[in-house]
Each structure stands twice: as structure tokens, then as C-alpha cells.
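Here are the chains, one letter per residue:
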Amino acid sequence: MINFQYARAADVADAVRQMAADPSAKFIAGGTNLIDLMKEDVERPSRLIDITRLPLKAVEQTPAGGVRIGALVPNSDLAYHPLIEQRYPLLASAILAGASAQLRNMASAGGNLLQRTRCYYFYDIATPCNKREPGSGCSAINGLNRIHAILGASEACIATHPSDMCVALAALDAEVHVAGPGEARTIAFADFHRLPGDTPQFDTNLQQGEIVTAVELPPQGFAAHYTYLKIRDRLSYAFALVSVAAALEFDGAAIKEARLALGGVAHKPWRNMAVEATLRGQTADQAAFARAADELLRDAKGYEHNSFKIDLARRGIVRALTQAAQGRPQSQAVKRIM
Amino acid sequence: MNGICRRGVLQGAAALAALGYHGDGRAGSAQHGAIPRQPGYQAEKPMTSYIGTPASRVDGRAKVTGAAKYAGEFNTSDLVYGSVVTSSIAKGRIARIDAGEALRIDGVIDVLTHENRPHMASTDAAYRDDVAPEGSPFRPLYDERILFSGQPIALVLAEEWEIARFAASLVRVEYEKETAFTDVHGRHDEAVALHPNGDLFGPPKPRGAAEHAFAAAEIRHEGEYYVPIEHHNPMETYAATVIFGKDGRLTVYDKTQGVQNVQRYLRSVFDMGPEDIRVMSPFAGGAFGSGLRPQYHVALAVLAARALRRSVRLVLTRQQMYGLGYRPAMIQRIKLGAKAGGTLDAIIHDATTVTSQYENFYRQETGWSGLLYKCPNAKYAHKLVRRDLATPCDMRCPSAATGVYALECAMDELAVALKLDPLDLRLRCYSDRDQNADLPYSSKALRECYRQGAEAFGWDKRSAEPRSMRDGAELVGCGMATGVWDAMQMPIAVRIALSANGHADVSCATADIGTGTYTIMTQVAADRLGLPLDSVTVKLGDSTLPQSPVEGGSWMAASVSNGIATTADAVRKELLRLAKRMPNSPLADAAPDEVRLADGKLVSRRDASRAVSIIDAMRSGAVDRIEQEHFTSFADDGSYAHNTHSAVFAEVRVDEQLGVIRVTRVVSAVAAGRILNPKTAASQIMGSVVWGIGMALHEETLLDHNFGRIMNPNIAEYHVPVNADVQDIKVIFVDEPDHIINPLGIKGVGEIGIVGVAAAIANAIYHATGKRVRDLPIAVDKLLR
């Protein structure tokens, strides 16, 4: 861990100003990932700009009927907020599927979006890693890759994004509000995270100096038919091997709208709107779900240790869509799969 | 708890010598004597009031309030903080090491490397601790050679810990790298075969003609079982605080399972006199075998304190702890031949285990197979593969946790082949004699473990066919396994100082690594001295106290309890001597064995009205303190085998589509002699069962063989069970009187609880799914494959 400066930001403009003055600084909120990475010398910020006092802690309804979540709302508060529990239980469930109670108490909504991969090699500065040190190579491709990506990976990087919350946000078509040196802007969730390509050092499309101020949910919350199904190496407190956020809306017996996002399989939450479109108008049966799963995984590619994820994801998708259709969402407290 | 071990009898001085344990007979007044052995101890009348009761931990309050201090918490003014730099390669040489940038940081005092370190001993013998395996022990910062990834190569010393850690990141190292090989698989032609019966831990001698019997057997099973490297991961990271005294003498607070082992090691490495260094370890936050040998942090902390002539603290990070010892990866092959009626004809057990390039660490995995079940023909082989890794070490129930896992999975597979209930097969193969040594047991209540365990579990409700039990989307499976471990005891010295106010100080250089040693010592002493619990203070974890072996192997409860009994008897005799001299003493004609201590009094066993209070006896003799120190060893004429046993029953539920496994119930029925404290003992077993769940489903140290490096050195990615993984665990202690093993009939429970758990779970998973996974951990990908 290197020595660093510490400064507190008074408001968003001040935070942006401070960052502009020291481009190798980092914002810190909950610090649940950043501090670990600093201890391992993976992150070596010259300065930490403490944003925990910024007024970004509200969860409020928007005039359009959606909900705006301040970037500093702790994950726990968000998961148990009545608006989220009642209208967006998919989001609440995904949050509670992640980490531990203690971590969720510390972690912020904005920080959750910006957590880094859990690839072993990214965490170990003794090994090459293109994400950590561009051009040094990817150790995972020919190394331990059981937890790595099966979709959207590149020769440069096969890391996955570890968030559960983001999988739900992707499925719910959230938007990310950011401020920065330029105009404040809004980024569709699908465009927020990116695929690694040949620049895996960039996890997101945030520009240098930008800060996440809020996440906004559209009105539709799929509260009647949803699930978040997470499969991992123990029953709690482990990152997803595969996770599935599924949300359905019915018109009678026919599916009117479907949302399907995968976690643990790619550099970003994985969605394919074309596949979701094929579910529209169909009845909710295993055959339709299996076709959707096959379609979503059509381009999936396994490496030495992670090919099992393709089959596991297929099974998980079918199960999650079944849970959603039946209105029997996966409990995050009871570990039995519904 | 945990330790050194092997199967079979390991008792007395010969065994200690084999382990390298050499008493230095330090206490001048100590009397030595062996507890006689045959024909058996008289059954103790239950005169006791504390032994066998669920007393709460005497150190519980200190622990939960933070009053209990651990090695990295002792403070002194002017403390120097160390931070270790470790190697990033697994094999080669340090070509250049540059601490210039680190030394320029304000607050950095020095950076020690192999180039500038002060003198350390130059012979292997000097580094060989009480429990070192054969070979050339690792010497931290000794020279430029790199033997494993994560090896300490520099020690940064600074005025503050943060500065030390920052500066450590600035030490630049260039290596001359050589190709490392770290995989237990492959290159087995280079393996070293251990000679049967060649030494304490080598495979036992064969009996009969096992290969022939296997070939001729009516029913055969053959299987290969894999266990990966596992790490102990005690909660407390390794730490040492070395207080540099005004006279140059060192007081070392270390995290260890053996203060005297560490003290002897440090004296030898740094050529110091016995009075120059004192090692203390009053509390340890778990150790599980990782603290049996002195670890490099304590050597480095002492090296630094001597170099700077200042007090030094060194705390390892969680990541650095993965550069210490581990349970070796192993491949085991088991062949079982049986008659159609379900009796064994042949057992062949081969093991290939990993060790370092510089020490031959191994334990006797294979012998458990031939010991446990009745079988005329048995044969064992054990090969060592040397890899570019640190030396493995003992980890909770070394050899049995792994060897019995393989055996008990194989027995389950044999039961399937025989179309027999797995429990029925065990009963048909039940043996009342140690099959390797052909000796009777001093006690063996395993049959009762099977009976009580099966009843509590509801084994009779299990349907025989795999995949035949279901609950909704989940397949339900029930599995069982046997557990076995040694009941060892070691020579030990205990001192008791009884003051006239009726308070006793009981001291011994043993350790309490979270197991409850303080508590059971207090219980035994209180009973033997006839005092209430709060009139007894136990001191341990100090190298200046009476001699103790390392705390491991599950031998401490038996050893120290009987040691206390021996010394307490001497105190009683001394009190009686004083009481007899009182005018008109009611005990004037009482023989020593005719009186006992109870309620603060010496009381005649024949006539309870004849009694003298401890206080009166001491006052009348004008004595304000009685101090006795005695050395207790355990005579063994080799006519009995001593073991603990268990029967483990597990229920799993496996989601049929997704392969998600839940261990919903475990019943562990244990026969381990007399249980000193059912509360702390049950806690030992329960913790072991949790670990067994981890062994079955989660634990695996991931090595990248391209780099020879451990890639999950933290407890986020090295998975152990969390609360959600642990459901209903029931612990049963069956009654097992043992009048032969030692006067108190104690065996020890630190290790037996983990044995068989992984096998019971693996067998239950097979029963649920019909899928046999023979390599641990049983993760979802292996189940769906």
C-alpha cells in the first residue's frame, strides 16, 4: 500500500474540481473494494477524495414515475427501502444476494457499479494482467479460468464483472447519472459497462474525472414476476459463477415483456434484447425458456476450466424464468433453490 | 486443535524422541515418575464436581471484552514495525535486491535482506525444531536461493507500521528465474517411495498377500481419490512482538502451539542462552497445526530486534500466511476385495503426497485403512513428490482427515457393489483389535457410536437406492462414514502452588489455541484440590513454566489433566503430612490414599467426619505456600491400542437441475474416553464438522502452475463454510470408560471430529444423485460434468 493524500469533497462540483486537479486521485465512498485493492498495490491512487458527505443519499420518486437512487445510498438501505422492496423487488433481491451484511452496510450504490473484477490475476501484481497493466498479457486465458467469462471476452481479457446489483439494474433498464468536468449526462445502463476488447483497463464508459451521482429506475418494476437466481461455490458470500435476473410481464397467459440478464459470465451484465423479444407473445413453458437460453448463450465460449458455466447458465436461465413466471422468486434468505 | 500424528501407538519418551522432542528437565525441584500401567486403573469414584460438567470458558470474558491479549497486541514504547517482502517467483535466485528507494522514506530504519542480515546459524541442525521433518529446514533471509513463491526475502523496519508497509512496496528485486514445478500430478517417476515401516510416519508393514487376495476376491472395488492443498486459515494472523529488555534479554510474544519449541529454536538459531530469551503465547486465535513449528515471522522479528537492539513487532498479512505450511495435496488409490457376504479379504492403500524440495514432510495416510476393519490381507505404499513449494505441515487431523476420507468413500462404493447398507458393511467388518498391530483396544465404543448416531439421525429411514429420495426439486441423500484417530499422551510437567488462603496457581508451558485448555485445566485442578473453580488460576503459554510438548495431536487434554492429577496428589500428601502433625489430628493415622481433598478440606474417605481444612493444616505447619512440580510420563508396555472413534451421518439436498448442494443435517457420535467438559468438547466436534463440510464442498488452494503461485490467498476466494452452509449439527458423546489408558480415562477430542465428515457428505451426495465425485472439493462443475 502506498502513501496517499486524503481530502474531503464538500459537494459534487468540489469533488469534480479536486479530481480534475489530480487525475491520479480516486473517489472513495464505502471503500469496500478500493481499500483491498490498495492493500495489494493494485490501485495506487495519489489521493483519496472522500465523497461520503456529498448529498447523494436520497431514494426518491421521479416525476416520470420512476425512482432515483443517490449514488451514496448504502446497499443495505437500498435493498430494504420500501419503494425498492415494493416496486423493484428484483433489485432488492439482487443486492441481498451479494457480499455480506457488513459489506452491504458500507458499500454505496455508485461504488457497486464501479467495483473491479475478482480475477485472481488482477489482484496479484506478481502476474501479468492487461486490465491492471495494459500490454502485460492475460494470465487467465492459459491459467486458472474457472470463474471467468464465457461471453464477450477478448484475447486481452476474460475477466467478469462481479456485481449482483448491476445485473438487476441492467434487467430493469436503469440509467446512470454522471457529473464531470463537462456537462452532466445520463448513460443507459447497457452502455455504462463495456466489453474488454483490447482496452480491458477500462471497465466502464465513464470519462476521466466523471462521478456517478445517481441511478434512475424507469417506472416498470416487474414486481409480480421476477427473480434473481445466483449460483456460487458456497451458499452465501461468494461471487456468482452464474447469476440470472429474470423479469416477466404477462398479458393473460402470453408473455408481454421479458427481461433476462446474466451475471458472472461477462465483462458486463449480459443482456440481449433480441432474445428477450423472441419471448414476447409466447406462453411461459420450459420449451420457450430453453430456446431463449440457447439463443442467449449461442456465442458462449468456454476456456479450460469454465466450460461448465455454459451449461450451468442454460439451466439457470430456464429455472429463473420458471420462478419468475410462477411468481415464486428465489429467496435470498432461504438457500434452497425455489 | 491439531497436530502431529500418525496412526498407531505413539506414547512415551521413545515417541517424543522420534519427534525430536527433548526435555531439558529445567525445573530443579521437579520429580519424575511414570504413571504405572497394568493391570488397569481402579475406576475413579465420581468424587468430582467439575470434571464432566459443561463449565463455561474461564477465559471467555477476557476474550469477548478484549482483555485477552494476542501476540500482535502487546505494547511497549519505542516499538519498531516490520513488514515482509515476499518472492514473486517459485524457484531461482535473487540476482539483485535494491532497498534504496525504501530506505529513503522518512521513518524507515533499515531493510534486512540476505545480503546485510546479522549472523544466523549455518547448520541444518540449528534450525530443526521439535517437530521438524527430515531435511534442511527453511532459513528466512539466509541466502539468495528462492525455494517457493511467497518466500520472505526482505524485512522492512520502520517507526510505523504504515510506513513499513509502504516501503516494502518499494523494494526492487531482480530474479534469475528457473522453471518451477508445483503440480502434484505428473512426474511421478521422480517420486520418492517411502520404505514400509521405515519410520514413524512411513507406511506400515503389509500383512498377508493383499494383491493375490484382491485378485481372487468375489467383489472388488478400486478407486482414486484426490485432495487438494488446503490452508489452515486461523482467524488470527501470525504475529510476534519482541520486547528488547534493558539487559538485552528478549521477551517474545508469539502465536504458537509450543512456546518451548519456539524458545529452543530461537536459542539455537541465534546462539542465545536459556535465560536470554523467553517466549510467551497466552492466547492464540486458532492454529490447527500451523503453529506447531516456529514460523518465519518469529525468527525475523528476533533477527530485527537483535539487529536494532529495539523492540519489534511483525504481523503477517493474510496473503503472507499462504507462504506457511498447508495440508499437502494427495492422490490416493484404494483397492478393496470382499466376500459376497460383506467381509473384507484385501485392502491396498497407496498414497502420493506433495512435499517441498527441502524437507520430506509426510504423515501416515495409508495405515488407517488396515487398522480400522477386520481384514487378513493389507498392503500400503506411500510416495512423496517434491515440488517447488513451501513444506507442508500438520493440519487438523493430518493423515486421518485425508486417508480415512479415501477409505470411507471406498467402503461406501464397496457397499454399493455388495448391495449392502453402508452401515451394515461397517458392522460386518468391525474389529475389536487394532488390525495393524494386532492388539486389543484399551477401549473402543465405536459400535455404540454407530448405534446412537444411526438412531439420532434416523438412518433406518434411508432408502437404499441412489436417487430414490426426493423433496421437490431437490434430491435427498444420506451418507455415513467412520472416524478414527489416535489417543496419544505425552510426558508433561505441572506445577501447583497452593497458598494458605486456599488459592491454587497451576502452571504448565502448554498452549490454549482456543480449544479450552485453560478451562479443563481449571476443572481438573479444582476437583483434585477440592477447591471451587474461581480459586484456581491457570498459567500457560510461557516458556519458563514447567515443561510441555507442543499442543497438538489431541494429546494435551489427557497429558495435562493427568499431569495435574499427579501434582495435585503430591500437594495432598504434603497437606496430609502437615495435618498429621496437628495436635489430636483426626487424620493422624490416615494413609495418603485414604484422604481426598474436597470443599477446602482433607477428608477421610472412610469417615467423612474426620477432616482438616487446608487452611488449618497449613497454619499449624506454619506454611503459607505449598509448591509441587512433578513430571508425568505415561508408561506403555505396548499391549493395548489407544484410539478415538466416531460415526458420522450426513444428509444432503442437491438441486437436481443446478447441482446446488446443501448439507442439511450432520450427526457425529464420538467415543473419546471420558469427556472433561461436554461444552468445550462439543464445540471442538462442531467446529470439526464445519471444517469437514468445507473439506467436502469448498476448500481448495488454487495454484497457477505456470507461475508456481497460490492465486486465492485470502478468505474471500479461498472458500470455507459460511453460516448459510452450516445447518443442523448434532454431537453425541457415547460413554466410553477406559481404565487402562490413564488414571483419568481421558483421550482428547481436538481432531476426531473432522475425520469421516467429508466422506459422509461425499457418500450422501452419491446417494442423492447417483454421481460419484472422487476429487475434493465437490463443486457444482464436478457434479454436473
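Residues numbered from 1 in each chain as written. Chains lettered and ligands numbered in written order. Predicted model: local features only at pLDDT ≥ 70, side-chain atom pairs only at ≥ 80, totals over all residues. Heavy atoms only, no water.

Caption draft 1: Here's a closer look at the overall build of chain B. For chain B, the count of helices and strands is 19 helices and 34 strands. Rg of the C-alpha trace for chain B: 27 Å, near the compact-globule value of 28 Å for 785 residues, within the 12% margin. Referenced to the eigenvectors of the C-alpha coordinate spread, the extents of chain B come out at roughly 85 × 75 × 50 Å. Of the contacts formed within chain B by residues at least 6 apart in sequence, a portion of 81% connects residues at least 24 apart. Of the roughly 26600 Å² of accessible surface on chain B, 48% is carried by carbon and sulfur atoms. Each charge class in chain B was averaged separately, 86 positive and 92 negative side chains, and the resulting centres sit 3 Å apart. (Helix = DSSP H or I, 4+ residues; strand = E, 2+ residues; numbered from the N terminus. Rg over C-alpha atoms; globule rule 2.2 N^0.38 Å. Contact = heavy atoms within 4.5 Å. Areas by Shrake-Rupley, 256 points an atom, 1.4 Å probe, with all protein chains shown as cover. Lys, Arg positive; Asp, Glu negative; His and termini not counted. Charge placed at Lys NZ, Arg CZ, Asp CG, Glu CD.)

Caption draft 2: Broad picture of the packing of aromatic side chains. Residue and element names in this part refer to chain B. Considering all chains together, one arrives at 19 aromatic pairs over all chains under this definition. Ring geometry for F283 against Y518: centres 5.4 Å apart, planes inclined by 35°, an arrangement best described as tilted. Here F283, found in the loop between β13 (277–280) and α8 (296–308), pairs with Y518, found in helix α14 (residues 517–529); they are 235 residues apart in sequence, far enough to count as distant. The buried category is assigned to Y518, whose relative accessible area is 9%. Geometrically, the ring pair formed by W459 and F649 is edge-to-face, given 5.5 Å between the ring centres and 65° between the ring planes. Of this pair, W459 sits in the loop between α13 (446–457) and β21 (470–471) while F649 sits in strand β30 (residues 643–655); the two residues are 190 residues apart in sequence, bridging distant segments of the chain. (Phe/Tyr/Trp six-rings, centres within 6.5 Å; stacked < 30°, edge-to-face > 60°. Buried < 20%, exposed > 50% of the residue type's maximum accessible area, 1.4 Å probe, protein only.)

Caption draft 3: A look at the interface of chain A and chain B. The partner chain B presents 39 residues to the 37 residues of chain A that form the contact. Summing the contributions of chain A and of chain B, the shared interface buries around 3400 Å²; its carbon and sulfur component is 58%. Together, R234, L235 and R336 of chain A form the three largest contributors to the area buried by chain A at its contact with chain B, with a combined 21%. Applying the counting rule to chain A against chain B returns 6 salt bridges. If you look at where chain A meets chain B, you find 13 residue pairs in polar contact (both at pLDDT 80 or more). Residue assignment for the side of chain A that touches chain B shows that the elements contributing at least two residues are β9 (226–232) and α12 (308–326) of chain A. For the side of chain A that touches chain B, the element with the highest residue contribution is α12 of chain A, accounting for 5 residues. Among the residues forming the side of chain A that touches chain B, the class breakdown is 17 nonpolar, 7 polar and 13 charged. (Buried area = accessible area lost by both parts, 1.4 Å probe. Salt bridge = Lys/Arg side-chain N within 4 Å of Asp/Glu carboxyl O. Polar contact = N/O pair within 3.5 Å; in protein donor to acceptor, adjacent residues only side chain to side chain. Nonpolar A, V, L, I, M, F, W, Y, C, P; charged D, E, K, R; others polar.)

Caption draft 4: Highlighting helix α11 (residues 286–296) of chain A. Residue and element names in this part refer to chain A. Buried within α11 are the following residues: A288, F289, A292, A293 and L296. Projected down its long axis, α11 carries its buried residues within an arc of 135°, all on one side. On its buried face, α11 sits against β11 (254–263), β12 (270–271), α10 (273–279) and α12. (Arc of directions from axis to C-beta.)

Caption draft 5: Spotlight on the domain arrangement of chain A. Looking at chain A, the domain boundaries give domain 1 (5–50) and domain 2 (226–326). Spacing between the C-alpha centres of domain 1 of chain A and domain 2 of chain A amounts to 36 Å. (Domains from an automatic or database assignment.)

Caption draft 6: View of the environment of V156 of chain B. Residue and element names in this part refer to chain B. Turning to its location among the elements, V156 is positioned in strand β7 (residues 152–158). As a C-alpha pair, V156 and M686 span 530 residues in sequence and 41 Å in three-dimensional space. If near-sequence neighbours (up to four positions away) are discounted, V156 is found in contact with Y81, G82, S83, V85, V108, D110, V111, A164, A167, A168 and V171.

Caption draft 7: Seen up close, the sheet that holds strand β1 (residues 5–8) of chain A. Residues and elements named next belong to chain A. With parallel pairing, the 3 strands of this open sheet are ordered in space as β1-β3-β2. Pairing within the sheet leaves two strands with one partner each, and these edge strands are β1 and β2 (25–28). Shown here is a sheet whose adjacent strand axes are inclined to one another by a mean of 25°, direction ignored. Sheet analysis places β2 next to strand β3 (residues 47–50), joined by 4 bridges and oriented parallel. Note that in β3 the partner of K26 across the bridge is L48. In the packing of helix α1 (residues 12–21) onto the sheet, the strands contacted are β1, β2 and β3, and the crossing angle to β2 comes to about 155°. (Pairing = 2+ DSSP bridges. Axes fitted to C-alpha atoms, helices over the stretch in contact; angles between N-to-C directions.)

Caption draft 8: Representation of the environment of A647 of chain B. All names here are of chain B. As for its position among the elements, A647 is in strand β30. Looking at A647, the relative accessible area reads 0%, which means it is buried. Put simply, A647 and R61 are 586 residues apart on the chain and 34 Å apart in space, counted from C-alpha to C-alpha. With sequence-adjacent residues up to four places away left out, A647 is seen in contact with C449, Y450, A481, V667, S668 and A669.

Caption draft 9: Broad picture of the sheet that holds strand β8 (residues 211–217) of chain A. Residue and element names in this part refer to chain A. Strands sit in the order β4-β5-β8-β6-β7 across an open sheet of 5 strands; the sheet is antiparallel. With partners counted over all chains shown, the strands left at the sheet margins are β4 (59–61) and β7 (185–188), one partner each. Strand-to-strand twist in this sheet, taken as the mean axis angle between neighbours without regard to direction, amounts to 25°. The strands touched by α1 within the sheet are β6 (175–179) and β8, with β8 carrying the most contacts at an inclination of about 135°.

Caption draft 10: Structural view of the pairing of strand β18 (residues 377–386) of chain B. Residues and elements named next belong to chain B. Here strand β9 (residues 192–193) runs beside β18; their pairing, made up of 2 bridges, is antiparallel. Considered in β18, the bridge of A193 is made with K383. Sheet analysis places strand β16 (residues 344–355) next to β18, joined by 10 bridges and oriented parallel. For A351, the partnering residue across the bridge sits in β18 and is H382.

Caption draft 11: The arrangement of empty space enclosed by the protein in detail. All names here are of chain B. One pass over the structure, following the stated rule, counts 12 cavities of 30 Å³ or more. Reported here for the largest cavity is a volume of approximately 290 Å³. Lining the largest cavity we find 21 residues, and of these F138, R293, P294, Q295 and E359 sit closest to its centre. The residue makeup of the lining of the largest cavity, split by class, is 12 nonpolar, 6 polar and 3 charged. Viewed by domain, the lining of the largest cavity spans two of them, domain 2 (71–86 + 91–179 + 233–321) and domain 3 (188–230 + 326–488 + 642–784), each represented by three or more residues. In this structure, the second largest cavity spans a volume of roughly 190 Å³. Lining the second largest cavity we find 19 residues, and of these I520, A557, L676, A681 and V749 sit closest to its centre. Mapped by element, the contributors of at least two residues to the lining of the second largest cavity are α14, α15 (556–580) and α17 (678–697). Per element, the largest residue contribution to the lining of the second largest cavity is 3 residues, and it comes from α17. (1 Å grid on protein atoms, 1.4 Å probe; cavity = no way out; pocket = protein on both sides within 12 Å on 5 of 7 lines; lining within 4 Å. Points joined across faces, edges and corners; volume = space filled by probe spheres on them.)

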